[in-house]
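Given next are the chains, with one letter for each unit.
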Amino acid sequence: MSKLWGGRFEGRTDDLVERLGESVSFDARLAPWDLRGSIAHARMLGQQHIIPARDARAIIRGLQAIAKEISAGRFTWDVALEDVHTNIEAALVRKIGDSGKRLHTARSRNDQVATAVRLWTRDQIDQIADLLRALQAALIAFAEAHLGVIVPGFTHLQHAQPVLLAHHMLAYVEMFQRDAERFAQLRSRVNVLPLGSAALAGTPYPIDREQVALELGFEAVSANSMDAVADRDYLIEFCANAALAMMHLSRFSEELILWSSPEFAFIEIGDAFTTGSSIMPQKKNPDVAELVRGKTGRVYGDLMALLTLLKGLPLTYNRDLQEDKERVFDAADTLQLCLEVFTRMIPALSVNTDAVKRALRQGFMEATDLADYLVTKGMPFRAAHEVIGKIVLYCARNGKALPDLSLEEFRGFSTLFDDRVFSVLSAEAIVRRRDHPGATAPARVRDALRAAKRRLRTR
Ligand code: ARG
């Protein structure tokens with residue numbers, strides 16, 4: 001195979017080296033961002049009289065024409081030209097002739113690729129922000145539509161205390177809020193222009209980096225040219241943020257899988273988001289939730305791959321860095337697909353209120369409130385805990401639920417019980433009493449819903 005930039009060589013490149021080194025098969029998707037970076041660079045070169053103004057104009061027109069060809073699918077990518085950057089530069093020279101050979105003045109592929117990937121990452125962050133918002137909106141709508149529903153709340157996957165289903169859903173709204181905040185904070189660290197760093201040391205040409213930053217919407221120019229071409233922290237952060245968001249989706253998936261099993265039967269997932277079995281005609285499987293849970297592992301893998309890729313690299317650019325792309329593309333694609341499918345699945349969940357009510361009667365979830373009741377009668381909490389524990393044991397042995405007991409049975413354990421004990425024994429009363437900011441009382445959950453909606457509007 002003949003060489004790119006072959007002046008210095010006499011021999012050809014081994015064919016296997018081409019296969020190993022080409023990245024255009026996966027980095028061609030960076031073309032729109034690479035082109036934007038090149039157009040801004042060419043305009044600056046012209047304005048600064050680093051290249052003749054008419055060459056700059058020809059380059060910009062040529063790059064715009066190439067952008068159209070690429071988006072129309074009329075561009076042929078050539079693996080022999082290695083990557084997206086060289087393919088576009090070669091096409092430019094084919095198209096406009098020698099003027100095109102001036103584009104690469106005062107830059108290197110090192111600052112060029114860093115610029116394209118930062119622009120790409122910034123757009124991914126903006127899309128993810130929209131998708132997280134849409135998911136939060138779907139969860140809020142679902143919570144509002146089920147404000148009357150009380151479900152068992154779990155610790156250790158054991159019935160713990162009753163909560164509003166809306167409260168449970170709003171827990172996820174908070175998780176996705178933090179995910180959105182993490183991406184928003186990352187955005188400003190990503191939004192720094194590396195172009196002008198050239199290979200590693202900067203360039204002797206009188207470039208205007210501020211002008212390029214302005215055209216490309218960067219908030220700042222990089223402060224150190226060596227850092228700018230070697231840094232991939234922001235991609236690691238991107239994958240870490242994606243991994244956290246996937247982890248939240250995965251926990252949610254796990255609950256949907258449990259809740260739609262016949263053992264819980266709290267919810268049914270709509271036909272559009274479940275699949276059948278090739279052998280068992282009765283099956284309705286929660287594949288979407290399972291796949292999201294499974295894909296969480298692959299995004300963790302993307303993060304670990306990038307951390308490992310960077311850990312031994314001396315400054316500045318090393319070709320290893322080309323390996324960053326497939327991992328970060330995969331993390332971005334996976335997270336976005338999972339967010340989208342989840343958002344669509346939420347309205348397709350229906351709640352089986354009978355099964356939920358039946359479940360509320362199991363697990364002695366009134367026990368904490370019964371202990372609190374004895375506390376209001378003057379008993380120290382630890383002593384009350386002991387008494388109620390004995391009552392629960394009595395119920396378990398006799399196949400009874402706490403609300404089934406008579407006053408005489410209660411008084412057999414403590415004479416502090418009177419007939420007001422029955423007022424603490426409904427799920428509604430238990431939920432209503434948790435009446436402070438952040439708790440599950442219906443009034444507080446309605447406040448939380450309002451606050452969550454307000455926050456979504458202002459983000
Ligand atoms: N395809 C390369 C990458 O993604 C572009 C930068 C090449 N730079 C170099 N010095 N070989 O890393």
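These notes cover the structure that comes with them.

Reading the values: the criteria
Residues numbered from 1 in each chain as written. Predicted model: local features only at pLDDT ≥ 70, side-chain atom pairs only at ≥ 80, totals over all residues. Heavy atoms only, no water. Helix = DSSP H or I, 4+ residues; strand = E, 2+ residues; numbered from the N terminus. Rg over C-alpha atoms; globule rule 2.2 N^0.38 Å. Buried < 20%, exposed > 50% of the residue type's maximum accessible area, 1.4 Å probe, protein only. Contact = heavy atoms within 4.5 Å. Near = heavy atom within 4 Å. Polar contact = N/O pair within 3.5 Å; in protein donor to acceptor, adjacent residues only side chain to side chain. Nonpolar A, V, L, I, M, F, W, Y, C, P; charged D, E, K, R; others polar. Phe/Tyr/Trp six-rings, centres within 6.5 Å; stacked < 30°, edge-to-face > 60°. Lys NZ or Arg CZ within 6 Å of the ring centre and 35° of its normal. Core = buried A, V, L, I, M, F, W, Y, C linked by side-chain atoms within 4.5 Å. Expected span 1.5 Å × (residues − 1). Patch = residues over 30% accessible without salt bridge, like charges linked within 9 Å, V, L, I, M, F, W, Y side chains within 5 Å. Areas by Shrake-Rupley, 256 points an atom, 1.4 Å probe, with all protein chains shown as cover. Salt bridge = Lys/Arg side-chain N within 4 Å of Asp/Glu carboxyl O. Pairing = 2+ DSSP bridges. Axes fitted to C-alpha atoms, helices over the stretch in contact; angles between N-to-C directions. Parallel < 35°, antiparallel > 145°, perpendicular 65-115°, else oblique. Left-handed = near helix turned anticlockwise from the far one by under 90°.

Scanning the protein chain for helices and strands turns up 18 helices and six strands. For a compact globule of 459 residues, the expected C-alpha radius of gyration is about 23 Å, and the protein chain comes in at 31 Å, more than 25% above that figure. Expressed along its principal axes, the backbone C-alpha trace of the protein chain runs to roughly 100 × 50 × 40 Å. Counting the 459 residues in the protein chain, one finds 49% classified as buried.

The topology assignment puts N241 in helix α10 (residues 233-259). Dropping the residues within four chain positions of it, N241 is found in contact with R182, F183 and L186.

Our focus in this paragraph is the site of the ligand. All residues adjacent to the ligand are S23, D83, H85, R109, N110, V113, Y317, Q322 and K325. The side chain of Q322 places a nitrogen or oxygen atom 2.9 Å from a nitrogen atom of the ligand. Element by element, the count of residues in the shell around the ligand is highest for helix α6 (residues 109-145), at three residues. The residue inventory of the shell around the ligand, partitioned by class, reads two nonpolar, four polar and three charged.

With that settled, consider the packing of aromatic side chains. In the structure shown here, the tally under the stated rule is 14 aromatic pairs. Through a chain of ring-to-ring contacts, the aromatic side chains of W120, F183, F238 and F329 assemble into a single cluster. One cation-aromatic arrangement involves R8 over F9; the distance from NZ or CZ to the ring centre is 5.7 Å. The residue whose ring lies beneath R122 is F218, and the NZ or CZ to ring-centre distance is 5.4 Å.

Once that is clear, we can look at the nonpolar core. In terms of nonpolar packing, the biggest core is built from 112 residues, with L139, L249, F252, L256, L335, F342 and I346 touching the most fellow members. Among the elements that line this core, the one with the most residues is α6, at 15 residues. Apart from residues no more than four positions distant in its own chain, F252 is found in contact with L139, M169, Y172, F176, F342 and I346. The next biggest cluster of nonpolar side chains, apart from the first, holds 20 residues, and it includes I388, C395, F410 and L425.

Compared with the 27 Å implied by 1.5 Å per residue over 19 residues, the 27 Å span of helix α4 (residues 53-71) between its first and last C-alpha is a close match. D55, A56, A58, I59, I60, G62, L63, I66, E69 and I70 are the residues of α4 that are buried. Looking at the buried residues of α4, the elements they touch are α3 (31-47) and α5 (84-96). G73 lies just past α4 and shows a positive phi near 75 degrees.

With that settled, consider a nonpolar patch on the surface. Taken together, the side chains of L200, M226 and L315 define a hydrophobic patch exposed on the protein surface, amounting to about 280 Å² of accessible area. With respect to the helices and strands, M226 occurs in helix α9 (residues 225-230).

Moving on to unusual backbone geometry. With an omega of 0 degrees, the peptide bond between L315 and T316 qualifies as cis. A positive phi angle is found at E82, which is not glycine, with a value near 75 degrees. Looking at where E82 falls in the secondary structure, it is placed in the loop between α4 and α5. We note that A106 has phi near 65 degrees; this positive angle belongs to a residue other than glycine. With respect to the helices and strands, the residue A106 is situated in the loop between α5 and α6.

Bringing the environment of V117 into the picture now. The residue V117 is located in helix α6 in this model. You can call V117 buried: its relative accessible area is 5%. Considered as a pair, V117 and R102 are 15 residues apart in the sequence and their alpha carbons are 23 Å apart. Setting aside chain neighbours within four positions, we find V117 in contact with L30, Y234, L235 and K325.

Pairing between strand β1 (residues 150-155) and strand β2 (residues 158-164): six bridges, direction antiparallel. Counterpart to P152 in the pairing with β2 is P162. If you look at the hairpin formed by β1 and β2, you'll find two residues sitting between the two strands, and H156 has a positive phi there, around 55 degrees.

Scanning the model with the defined rule gives 31 salt bridges in all. Close ionic contact of K95 with E69 constitutes a salt bridge, the shortest N to O distance being 2.5 Å. In this pair, K95 is assigned in helix α5 and E69 in helix α4, connecting sequence segments 26 residues apart. For K95, a relative accessible area of 38% puts it in the partly exposed group. Between K453 and E144 there is a salt bridge, with its nearest N and O atoms 2.5 Å apart. Note that K453 is positioned in helix α18 (residues 442-458) and E144 in helix α6, a separation of 309 residues in sequence.

Okay, the packing of α6 against α10 next. Here α6 crosses α10 at 20 degrees, and the two axes come no closer than 11 Å. Comparing the axis directions of α6 and α10 gives the class roughly parallel. Between α6 and α10 lies a crossing whose hand is left-handed. Taking contact as the criterion, the partners of A114, V117, R118, T121, Q124, I125, I128, L135 and L139 in α6 are, on α10, Y234, L235, F238, L249 and F252. When grouped by side-chain class, the residues that make up the contact of α6 with α10 number eleven nonpolar, two polar and one charged.

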